[in-house]
Amino acid sequence: MGGTDAKQRHPLATGRGIVTVLAVLPLVLAGFVIGYGVGSGDDRFGDDVTNAWEDGEGVVDHRPLAASFTATAVADHAPESPAVLPVGYSDDLGIAVTHLQFAVDEATAGPDRTAELRLPVAVPPDAEGMTVEVASVHPVSCLCTLTAATAPPYGTVWDTVEVDAETTEIVFDVTGAISAPGRYGFAVTSPDRKAYLELAGIAYRQGPALRTVTEPGEPTGPLPPTAPGDLPPAPTGAPTDAPSGSPAPTDSPLPSSPPPTDPLAGQTGPTDSPSPTASAVPGAPAAEPTPPPTGPPTGPAAGPPPAPLAEYGRSEEQASDCTTGDKLIPTCGALVGVAPAAHTNRVKEDELLVFEERVQHTQQIYHAYERGTGKLFPTDAQIALTQDPERPRTLFLNWKPYQATWAEIAAGDPGTDDFLDRLAAHITANFDKPFFFTVHHEPENDVVQRDGSGMEAADYADMFRYVIERLRANGVDNLVSVMNYMGYLKWVEQDWHDQLYPGEDVVDWIGLSGYGQSLHDDGRSDFGEIVDQTKSGTAWPGFYHWIAKEHPDKPMMLAEWGVFHQDKYPDHQASVFEAARHQMAHYPRLKAIVYFETPADHKKGRNSEVHHDEAALAAFRALMQSRFFKVRLE
């Protein structure tokens with residue numbers, strides 16, 4: 001069992017496991033109307049908004065419209081009203097993600113407003129603690145469509161908290177998420193692959209709440225139908241009125257579709273199906289999901305739902321379609337890309353097209369490597385790749401200067417300045433689309449931490465800043481900068497490692513180069529080790545955790561990633577690709593992955609080509625079809 005002792009857990013995940021429990025959970029709470037509210041009678045609603053202002057502040061705790069979870073080891077759809085909401089990894093659930101939906105009306109969505117997501121903890125993690133994050137997701141119109149395989153991809157990560165055995169309530173700041181009246185979806189996740197907790201569900205008044213605090217003023221619209229009054233204090237442990245065993249089933253099956261008046265009717269979200277067979281990969285679905293029932297609901301209704309607000313649903317549009325926004329950051333999901341035929345003399349632009357046909361998916365990021373000052377870029381061939389309307393792409397231009405030390409470049413080396421000015425003129429004249437750019441990627445290997453070397457870690461940071469600022473000053477405002485670290489853990493232990501970072505104002509993305517088996521060829525590493533590898537005996541939390549803590553506003557990119565084939569471990573590539581499809585659920589900050597394809601790398605001639613065997617290619621194709629990568633490049 002990962003993350004907690006089974007004896008401490010709520011009956012939800014004990015006994016014969018979660019699949020059995022899902023079969024006997026109440027499928028519909030009395031009076032539950034999908035899209036409008038949860039519960040029956042007036043006891044689910046508190047004071048109206050006009051009675052919520054005291055001492056000059058309007059505090060409203062919004063009850064969730066829906067509160068459920070997905071689990072990668074469970075094939076069935078999300079339960080309607082579970083007593084607890086799991087987050088993290090456990091052996092019986094796989095990767096569990098809590099999904100919440102709230103409605104906010106115009107009276108509580110004004111500009112002078114803050115918002116908190118308040119989540120009482122029923123079963124905390126063990127004493128070692130746990131990182132928990134909250135991200136926006138598109139609200140689904142029916143829980144009958146929500147599974148681990150169909151869950152909406154993550155949008156913006158709003159907050160991260162550290163939770164330990166003493167935590168009784170998690171409070172996330174989600175002020176930035178509430179921009180207008182409407183319905184809002186949130187996913188509560190954890191990047192910890194061996195940690196687990198349970199939140200209190202909606203069966204208790206102490207369950208999840210979206211608290212908005214608004215300056216008082218004249219009401220400008222109807223009262224919010226889902227805004228309750230004050231909640232009881234958060235529990236200090238598991239809910240005291242929890243049933244002693246699994247809840248008995250009701251006579252009401254889960255509705256197969258939302259009522260006709262649901263403003264989201266017909267928007268069922270992604271339709272990717274999970275793997276039809278069990279997998280040895282931690283967190284992989286156990287079986288083909290049960291199809292949702294068809295036909296109208298047969299259980300009793302609580303009466304017609306309240307009329308939707310005038311602007312109801314406007315917020316949902318912000319996460320309904322995944323597109324790229326400012327700095328090429330996807331509004332939800334993640335971009336994919338490739339550095340094709342690396343370490344070969346093949347024409348890389350042609351090899352990109354070959355790779356796309358092979359994996360049956362457009363690679364939105366073409367990673368190209370440029371060196372020295374002998375050639376301007378992007379080239380005509382590179383630009384042409386970005387002009388295909390059927391396959392939208394962007395460039396990731398990776399420039400490594402050789403003509404001067406980092407310190408000399410930062411001090412204004414004349415030769416480098418001349419090249420940068422010509423480069424800026426070339427880009428502004430020939431290429432106006434946003435593109436990724438980095439300078440001397442993976443600098444750790446070239447650091448010479450000696451006074452006067454010109455190649456100290458701080459020299460790198462100064463050089464990176466100088467190059468970015470000079471190009472932007474010369475009009476290259478479509479440049480999206482990437483700080484690209486090397487994934488070898490020996491470097492993070494160096495006392496100069498933190499000095500490499502150039503600064504928040506000149507770094508748009510943080511990239512990592514990570515490879516399966518790059519540190520130990522045991523055939524057991526998975527995608528999580530590539531994204532967030534730690535090392536025993538050190539304080540390094542993993543790159544994903546480090547970014548979340550030190551640079552929470554920066555999106556993360558796997559600027560290079562690859563899995564090497566070895567005859568000793570013939571199934572290793574396929575297992576890592578399969579793991580990636582499910583373990584993306586751990587990493588809402590990961591917004592781009594760029595594969596490094598080579599038949600023979602610089603070290604021992606290792607092969608990372610995805611078509612080395614049929615199983616690996618099939619797994620990579622399946623990964624490319626994941627809902628996480630359905631992003632429209634704009």
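Definitions and limits used
- Residues numbered from 1 in each chain as written.
- Predicted model: local features only at pLDDT ≥ 70, side-chain atom pairs only at ≥ 80, totals over all residues.
- Heavy atoms only, no water.
- Buried < 20%, exposed > 50% of the residue type's maximum accessible area, 1.4 Å probe, protein only.
- Helix = DSSP H or I, 4+ residues; strand = E, 2+ residues; numbered from the N terminus.
- Pairing = 2+ DSSP bridges.
- Right-handed = clockwise from strand over helix to strand, strands pointing away.
- Core = buried A, V, L, I, M, F, W, Y, C linked by side-chain atoms within 4.5 Å.
- Axes fitted to C-alpha atoms, helices over the stretch in contact; angles between N-to-C directions.
- Parallel < 35°, antiparallel > 145°, perpendicular 65-115°, else oblique.
- Contact = heavy atoms within 4.5 Å.
- Nonpolar A, V, L, I, M, F, W, Y, C, P; charged D, E, K, R; others polar.
- Left-handed = near helix turned anticlockwise from the far one by under 90°.
- Disulfide = S-S within 2.5 Å.
- Salt bridge = Lys/Arg side-chain N within 4 Å of Asp/Glu carboxyl O.

Across the 7 residues that make up strand 14 (residues 365-371), a large majority, 5, are buried. The pairing of strand 13 (residues 335-339) with strand 14 spans 2 bridges and is parallel. Looking across to strand 14, one finds that V338 is bridged to Y366. The handedness of the strand 13 to strand 14 crossover, carried by helix 3 (residues 348-359), is right-handed. In terms of strand pairing, strand 14 meets strand 15 (residues 394-400) through 7 bridges, oriented parallel. Following the sheet pairing, I365 is matched in strand 15 by T394. Taken together, strand 14, helix 4 (residues 380-385) and strand 15 form a β-α-β motif whose crossover is right-handed.

Our focus in this paragraph is the nonpolar core. Of all hydrophobic cores here, the largest spans 91 residues; its most connected members are F437, F527, W561 and F620. Sort the elements by how many residues they give to this core and helix 7 (residues 457-473) lands first, with 8 residues. Membership of the second largest hydrophobic core comes to 30 residues, among which are F102, V163, A177 and L197.

Let us now look at the packing of helix 3 against helix 12 (residues 614-624). Viewed as axis vectors pointing N to C, helix 3 and helix 12 meet at an angle of 90°, and their least axial separation amounts to 9 Å. Classified by the angle their axes make, helix 3 and helix 12 are roughly perpendicular. Contact residues: F355, R358 and V359 in helix 3; L617, F620, R621 and M624 in helix 12. Split by residue class, the contact of helix 3 with helix 12 holds 5 nonpolar, no polar and 2 charged.

Looking now at the packing of helix 6 (residues 414-430) against helix 7. For the pair helix 6 and helix 7, the least separation of the axes is 9 Å and the interaxial angle reads 40°. Relative to helix 7, the element helix 6 is oriented oblique. Seen along the crossing, helix 6 lies across helix 7 with a hand that is right-handed. Of helix 7, the residues touching helix 6 (which contributes D417, L420, D421, L423 and A424) are Y466, V467, R470 and L471.

With that settled, consider the state of the cysteines. Counted under the stated rule, the structure contains 2 disulfides. The disulfide partner of C142 is C144, and the S-S distance across this bridge is 2.2 Å. Measuring the twist about the S-S bond at about 130°, one finds the C142-C144 disulfide to be right-handed. Neither residue differs from the other here; C142 and C144 are each classed as buried. What pairs with C322 in a disulfide is C332, and their sulfur atoms sit 2.0 Å apart. Every disulfide takes its handedness from the sign of the S-S torsion; for C322 and C332 that torsion is -105°, giving left-handed. Of this pair, C322 sits in the loop between helix 2 (317-320) and strand 13 while C332 sits in the loop between helix 2 and strand 13, placing them 10 residues apart in sequence. Like C332, C322 is buried. Sequence-ordered numbering of the bonded cysteines in the protein chain gives a disulfide pattern of 1-2, 3-4.

This next bit is on the pairing of strand 15. The element strand 15 is extensively covered by neighbouring structure, given that 7 of its 7 residues are classed as buried. Side chains T394, F396, N398 and K400 project from strand 15 onto one buried face, and the interleaved L395, L397 and W399 project onto a second face that is buried too. Judged from the 4 bridges that link them, strand 15 and strand 16 (residues 435-439) form a sheet pairing that is parallel. When the bridges of strand 16 are listed, N398 appears paired with T438.

A separate point is unusual backbone geometry. Cis rather than trans, the peptide bond between F377 and P378 has omega equal to 5°. Positive phi, normally seen in glycine, also occurs at L328, with a value near 60°. In this fold, L328 is placed in the loop between helix 2 and strand 13. The phi dihedral of H440 falls on the positive side, at around 45°, and the residue is not glycine. By the secondary structure assignment, H440 is in the loop between strand 16 and helix 7.

Moving on: the pattern of salt bridges. Applying the stated criterion to the full structure yields 19 salt bridges. Ionic pairing is found between K375 and E370, a salt bridge with its closest N-O pair at 3.0 Å. By sharing partners, the salt bridges in this structure join E356, E357, R391 and R393 into a single network.

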